[in-house]
Amino acid sequence: MRVVITEDAHTVASASAEIVCQQLIDQPRCVLGLATGSTPMLLYTELVRRYRAGQVSFSEAKSFNLDEYVGLKPGH
């Protein structure tokens, strides 16, 4: 694991988005383990920005999301 120390949350989001995007470029069919909740929201906002700018594609990737539970109703 590589630890990256940054000045603030926006810099963390940008650095993290760069890592995720590079993974998607290197291995488009990768599987991403994604966190839920409010903590990663800046990261996801940055990933959406890069996607809309045509800088990254998620079309071949798969993900599993933490905090998903078997048996919850779809609207939960």
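Residues numbered from 1 in each chain as written. Predicted model: local features only at pLDDT ≥ 70, side-chain atom pairs only at ≥ 80, totals over all residues. Heavy atoms only, no water.

Student: Just checking my understanding: could you explain the confidence of the model for the protein chain for this structure?
Tutor: Segments scoring low in pLDDT should not have their predicted coordinates read at a detailed level. Mean pLDDT for the protein chain: 90, with 96% of residues reaching 70 or above. Per-residue pLDDT, averaged within each element of the protein chain, yields its smallest value for strand 2 (residues 62-65) (89) and its largest for helix 2 (residues 41-52) (96). (pLDDT = per-residue confidence, 0-100. Helix = DSSP H or I, 4+ residues; strand = E, 2+ residues; numbered from the N terminus.)

Student: In this structure, what is going on with helix 2? I would like to understand it.
Tutor: Residues spaced three or four apart along an α-helix face the same direction, because each turn holds 3.6 residues. Over its 12 residues, helix 2 extends 16 Å from the first C-alpha to the last, a length consistent with the 16 Å expected when each residue adds 1.5 Å. By the burial criterion, the buried members of helix 2 are Leu43, Glu46, Leu47 and Arg50. Taken down its axis, helix 2 places every buried residue within 100° of arc, on the same side. Seen from the open side of helix 2, the exposed residues pointing more than 90 degrees away from its buried face are Thr45 and Arg52. On its buried face, helix 2 sits against helix 1 (9-26). Downstream of helix 2 by one or two residues, Gly54 has phi in the positive range, about 75°. (Expected span 1.5 Å × (residues − 1). Buried < 20%, exposed > 50% of the residue type's maximum accessible area, 1.4 Å probe, protein only. Arc of directions from axis to C-beta. Contact = heavy atoms within 4.5 Å.)

Student: Explain the side chain of Glu46 to me, please; I cannot follow it from the model alone.
Tutor: Position of Glu46 among the secondary structure elements: in helix 2. Residue Glu46 is classed as buried on the basis of its relative accessible area, which comes to 15%. The residues touching Glu46, leaving out its near neighbours within four places in the chain, are Ala13, Ser14 and Ala17.

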